Amino acid sequence: LRPDSSVSSSDSSYSDGEDIIFGKTQPRMNNGDSDDEENVLIFGPTNKNNNRRNSVEQGSILRPPASARYATDSGLLSNASTAMINNTTGNGNNSNSAPSRNNYSRVPSINRMQSFSRRQNQQRQNSFRGGSFFEEVTRGRAGTVGLYVNLRSGTTISSPTPSPTVSPRPTPFNMDFPAQPSYPSEPTYPSPTDSIYWNPPSPPQQSFIPTQTIWAKLGPMRKEILESFRVKEFTNNAPALTADLFDDQDSPYFRALLWMANQDTAYLQNVKGGTRGNLIAHRWLVVTLYYALNGEEWKSNYQWLTNTDECDWEGIVCNDVYYNGTERVVEISLPNRELSGQVPAEISYFTFLKKIDLSNNMISGTIPPTIGRLSMLTTLQMNNNEDLHGFIPSEFGRLAKLENLILNSCSISGSIPSQISYMKSLEVLNLNSNHLTGKLPKQVGDLVLLQNLKLGDNRLDGTIPDSFGNLGNLLHLELWSNSLDGFIPQTFSGLTSLNKLYLDDNSFYGSIPAFLGALPLIDLNLERNGFQGKIPDSLGESRSLARLWISNNLLRGTIPLQLFRLSTNLRALYVDGNRLTGTLAAEVSRLTSLEDLRIHDNVLTGCIPESVFSLPNLKIFYADHNEFSCSLSSSVFSSDSLEDLQIQNNDFHGTLPVFEKEESPLIVLDFGSNGFEGTLPSSYGSFGNLKKMDFSNSKLTGTMPTEFRNLRNLQKCYLQGNGFNGSIEVFESLKRLTILSLFANDFSGQIPDSFPEYLI
């Protein structure tokens, strides 16, 4: 096989460096005699940039492409099915001189090819000489095989027989690439070719290999899909798909096409009419999403990849109105399915999509910027995908109808794009727990419909823009755990709908604004900042405040009595970790809804009012690390709700209060590092729910009460630094103990053999 020297060099049908697809039927080789029939069929040039091109080197084996390898039903060539190409440059020893850049062999007449095909059964011999261009492809089947050969200027290919001159014939497909309409701010994509003569790329890694019958379906189906995506009404003016999507047979695009051609025949045979291409393209998009997100591994993929309508597959919702003859997907809801893989950029071709929910999965990769084309999208929810990274696409600014953007608990980095201000319909923006950096964009203040703004647990810095005060509909603001500083803006007084404000774990300073008491706050969290001054009395004027966290700041003064006016709603009061002085007022008993009271790590004095222990809903009370000094009565244990009582590191003295009930809800009891004297009351053996007990570093004496054998749930016991004596056998029956601290006492006897080693 060599370029025909009779073809004029002025013919510019083919340009330098283009690939020629050669197809062959079974050649006739009779002991080296010349074949009187042409055995080469040229389909035409392929894309100059085809990444499957094979270079022609001296003596190298030319590997057939996928269409050759899958020409039979078995899909495999024999090991002998290769071809040798002898490549020389210049004139060499060949009878023909080196071809000019445009001298290429042309297509024989159809009659000659048919004549050759009729005689091929008598020509099937396998006695090929070394250096012959083709070997036998398969036995018992005639077919056309495509091979890529790159013919360049100065290259000749030797053959055992000369090629006769053949008449030219137009190529069977149009190589013109009309320009496609461009999407705003998007590149213009070239149109795919109109041909169904598709030379497949390299084979897939999957064990399944398509047969010739399946390949015969793939080309026309591929053409229908590509043509549908060139119709503006179908794509909603999005750029057309490009044909190279199908080059990689391991890609979700090709796998979806292959499944439809091989396993979806029962459904497709009923798809007819003028809208067939649209229906196939729509179904192919849904199947592509399945393969892109590794649908085989989902926790639940009910009905997926069955012969039912794709709109009936679990998590897919379609509308009732047909667009261009096709019912279109409006909702993709696949949360908590263990999805993995990456969201394909082609999700943007679900152009009528209103909701995407891929939350609580294992999706990786980045967020496709092409989602910005989904002009009808109202909800995008991809939260709790830890491996989802990259930036927030600035293209999201086009989502004018988006109401909910929920991307929390991912690994998104970069800054918050200023284009977010164009999302005028946004009501919920949740970017908590990512790796965002930079400043808070002042453009957020333009989102006047915003109700929930959650930017906590990131790496944002700087101050809060005054423009945030424009968010009059804001109900929930979270900026916790960042590196923000400065004052709380005075403009926050305009947030008249604000219910929850979380500014904890930052570096804010100044005084706590008095106007916060006038807002309808339910939760106010200012913990772990640098706020100074006194606790504003105005906070007591709020009738809605349920949880007040102002611990670990630099606050001074006393706990205002006004706070105890919050009798009906306050459930949690955290003022710990400050420099508060004075006493805990008896008016605390008014907080009848209080469940969690933490006043530890201050400089409070006096005695704890007994009324604290009569609060009907109190479950947690921390008063440790203060300067309380008094004795305790049995009223300490009067509560029927208290589960966690910690008053260690104070100056309580006298004997330990006696427990006078049959049972107690106490789980944690910490009286350590005080001045208690006497013995441990045997009634403490009735604390059947107790998991932690601490009486360390006091002045207690005596032996261990035998009733302590009843503390079956006890896990941690701290008794060090006292004057206890006697045996420790009482702990032998406490099988759940993990920590038993008895040093600096006067215990005697032997360590029980049943004690686990970690306790010794």
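Residues numbered from 1 in each chain as written. Predicted model: local features only at pLDDT ≥ 70, side-chain atom pairs only at ≥ 80, totals over all residues. Heavy atoms only, no water.

A.B. asks: Honestly, the overall build of the protein chain in this entry has me stumped. Any pointers?
C.D. replies: A tally of helices and strands in the protein chain yields 7 helices and 43 strands. Within the protein chain, contacts between residues separated by at least 24 positions form 58% of all contacts whose residues are at least 6 apart in sequence. Carbon and sulfur atoms form 46% of the exposed surface of the protein chain, whose accessible area is close to 32400 Å². (Helix = DSSP H or I, 4+ residues; strand = E, 2+ residues; numbered from the N terminus. Contact = heavy atoms within 4.5 Å. Areas by Shrake-Rupley, 256 points an atom, 1.4 Å probe, with all protein chains shown as cover.)

A.B. asks: Where do I start with the state of the cysteines in this structure?
C.D. replies: Here, the word disulfide means a covalent bond between the sulfur atoms of two cysteines. Applying the stated criterion across every chain yields a total of 2 disulfides. Counting only the cysteines that form disulfides, in the order they appear in the protein chain, gives the pairing 1-2, 3-4. (Disulfide = S-S within 2.5 Å.)

A.B. asks: Would you mind showing me how to read the packing of helix H3 (residues 212-228) against helix H5 (residues 252-263) here?
C.D. replies: A pair of packed helices can be characterised by two numbers: the angle between their axes and the separation between those axes. At a minimum axis distance of 9 Å, the contact between H3 and H5 shows a crossing angle of 120°. Taken together, the axes of H3 and H5 are oblique relative to one another. Crossing handedness for the pair H3 and H5: right-handed. Listed contacts from H5 to Ile214, Trp215, Lys217, Leu218, Met221, Arg222 and Ile225 of H3 are Phe254, Leu257, Leu258, Met260, Ala261 and Asn262. Each residue belonging to the contact of H3 with H5 can be placed in one class, and the counts come to 10 nonpolar, 1 polar and 2 charged. (Axes fitted to C-alpha atoms, helices over the stretch in contact; angles between N-to-C directions. Parallel < 35°, antiparallel > 145°, perpendicular 65-115°, else oblique. Left-handed = near helix turned anticlockwise from the far one by under 90°. Nonpolar A, V, L, I, M, F, W, Y, C, P; charged D, E, K, R; others polar.)

A.B. asks: Whenever I open this one, the sheet that holds strand S19 (residues 459-462) confuses me. Can you help?
C.D. replies: Sheet strands pair by backbone hydrogen bonding; their relative direction is either parallel or antiparallel. Pairing is parallel across the open sheet formed by 10 strands, whose spatial order is S11-S13-S15-S17-S19-S21-S23-S25-S27-S29. Sheet topology places strand S11 (365-366) and strand S29 (579-580) at the edges, where each strand pairs with a single neighbour. Sheet analysis places strand S23 (residues 507-511) next to strand S25 (residues 530-533), joined by 3 bridges and oriented parallel. The partner of Tyr509 across the bridge, within S25, is Gly530. (Pairing = 2+ DSSP bridges.)

A.B. asks: Would you explain the nonpolar core in this entry?
C.D. replies: The nonpolar side chains of a soluble globular protein tend to be buried with one another. Ranked by size, the top nonpolar core spans 170 residues in total, and within it Trp284, Leu516, Phe621 and Phe731 carry the most contacts. Within the residue set of this core, elements represented by two or more residues are H3, H5, helix H6 (265-268), helix H7 (276-292), strand S8 (316-323) and strand S9 (326-333). No other element matches the 9 residues that H7 contributes to this core. Not counting residues within four places of it along the chain, the set of residues in contact with Trp284 comprises Ile225, Phe229, Leu241, Leu245, Phe246, Tyr253, Ala256, Leu257 and Met260. (Core = buried A, V, L, I, M, F, W, Y, C linked by side-chain atoms within 4.5 Å. Buried < 20%, exposed > 50% of the residue type's maximum accessible area, 1.4 Å probe, protein only.)

A.B. asks: What's the story with unusual backbone geometry in this structure? I'm lost.
C.D. replies: Leaving glycine out, the prevailing phi sign among residues is negative, and the prevailing peptide bond configuration is trans. Even without being glycine, Leu305 reaches a positive phi, approximately 55°. Mapping Leu305 onto the fold places it in the loop between H7 and S8. Phi is positive for Asn552, which is not a glycine, with a value near 55°. Relative to the helices and strands, Asn552 resides in the loop between strand S26 (547-549) and strand S27 (554-557).

A.B. asks: Sorry, what's going on with H3 here?
C.D. replies: Spacing of three or four residues puts side chains on the same side of an α-helix, whose turn is 3.6 residues. Taking 1.5 Å per residue as the helical rise, H3 with its 17 residues ought to reach 24 Å, and the 25 Å between its terminal C-alpha atoms agrees with that figure. Among all positions of H3, only Ile214, Trp215, Leu218, Gly219, Met221, Arg222, Ile225, Leu226 and Ser228 are buried. (Expected span 1.5 Å × (residues − 1).)

A.B. asks: Explanation requested: H5 in the structure shown.
C.D. replies: For H5, spanning 12 residues, the distance from its first C-alpha to its last is 16 Å, which sits close to the expected 16 Å at 1.5 Å a residue. Within H5, 10 of the 12 residues are buried, leaving the element largely enclosed by the surrounding structure. For H5, every residue scored as buried is listed here: Pro252, Tyr253, Phe254, Arg255, Ala256, Leu257, Leu258, Trp259, Met260 and Ala261. In this structure, the buried residues of H5 make contact with H3, H6 and H7.

A.B. asks: Sorry, what's going on with the sheet that holds strand S39 (residues 699-702) here?
C.D. replies: Reading across from one edge, S35-S37-S39-S41-S43 is the order of the 5 strands in this open sheet, with parallel pairing throughout. Edge positions in the open sheet fall to strand S35 (653-655) and strand S43 (746-747), since each of these has one partner strand only. In terms of strand pairing, strand S37 (residues 675-678) meets S39 through 2 bridges, oriented parallel. Note on S39: the bridge partner recorded for Gly678 is Leu700.

A.B. asks: Could you clarify how one ought to interpret the packing of H5 against H7 in this entry?
C.D. replies: As a packed pair, H5 and H7 sit with axes 8 Å apart at the nearest point and diverge in direction by 120°. What the angle tells us is that H5 and H7 run oblique. Viewed along their axes, H5 and H7 form a crossing whose handedness is right-handed. Contacts from Pro252, Tyr253, Arg255, Ala256, Leu257, Trp259 and Met260 in H5 reach Ile280, Arg283, Trp284, Val287, Thr288, Tyr291 and Ala292 in H7.

A.B. asks: How do you make sense of the side chain of Ser467 when you look at a structure like this?
C.D. replies: By the element assignment, Ser467 lies in the loop between S19 and strand S20 (476-478). A residue is classified by how much of its surface remains accessible, and Ser467, at 18% relative accessible area, is buried. At a separation of 2.8 Å, a polar atom in the side chain of Ser467 contacts the main-chain carbonyl oxygen of Lys442. Apart from residues lying up to four places away in sequence, Ser467 is in contact with Lys442 and Gly445. (Polar contact = N/O pair within 3.5 Å; in protein donor to acceptor, adjacent residues only side chain to side chain.)

A.B. asks: Would you take a moment to explain the environment of His625 for this structure?
C.D. replies: Of note, His625 is situated in the loop between strand S32 (620-622) and strand S33 (627-628). By relative accessible area, His625 is classed as partly exposed at 35%. For the pair formed by His625 and Asn650, sequence separation is 25 residues and the distance between their alpha carbons is 5.8 Å. Apart from the residues lying within four places of it in its own chain, the contact partners of His625 are His600, Asp601, Asn602, Gln648, Asn649 and Asn650.

A.B. asks: What's the story with the pairing of strand S21 (residues 483-486) in this structure? I'm lost.
C.D. replies: Remember that side chains alternate between the two faces of the sheet whenever the strand is regular. Only one face of S21 is buried: it carries Leu484 and Gly486, and the other face, with Ser483 and Asp485, is open. As paired strands, S19 and S21 are joined by 2 bridges and run parallel to one another. Within the sheet, the bridge partner assigned to Asp461 lies in S21 and is Ser483. By the bridge criterion, 2 bridges tie S21 to S23 in an arrangement that is parallel. Residue pairing across strands places Gly486 opposite Phe508, the latter belonging to S23.

A.B. asks: Help me out: how do you make sense of the environment of Phe628 in this one?
C.D. replies: As for its placement among the helices and strands, Phe628 is situated in strand S33. Residues Phe628 and Phe652, 24 residues apart in the sequence, show an inter-C-alpha distance of 6.6 Å.

A.B. asks: Please explain the confidence of the model for the protein chain as it appears in this structure.
C.D. replies: Regions with low pLDDT carry predicted coordinates that are not meant to be interpreted in detail. The predicted model of the protein chain has a mean per-residue pLDDT of 78, with 70% of residues at 70 or higher. Confidence drops under a pLDDT of 50 for residues 1-197, and excluding neighbours within four residues, the segment shows 378 contacts in the predicted structure. (pLDDT = per-residue confidence, 0-100.)

A.B. asks: Sorry if this is basic, but what is going on with the pattern of salt bridges here?
C.D. replies: Two side chains with opposite charge may pair up if their charged atoms get near one another. Within this structure, the stated rule accounts for 13 salt bridges. Residue Lys439 is joined to Asp461 by a salt bridge in which the shortest nitrogen-to-oxygen separation is 3.4 Å. Taken together, the residues Lys439 in strand S17 (residues 435-439) and Asp461 in strand S19 connect sequence positions 22 residues apart. Between Arg598 and Asp596 there is a salt bridge, with the nearest N and O atoms lying 2.9 Å from each other. When sorted by exposure, Arg598 lands in the same class as Asp596, which is buried. When salt bridges that share partners are traced, they join Asp264, Arg283 and Glu310 into one network. (Salt bridge = Lys/Arg side-chain N within 4 Å of Asp/Glu carboxyl O.)

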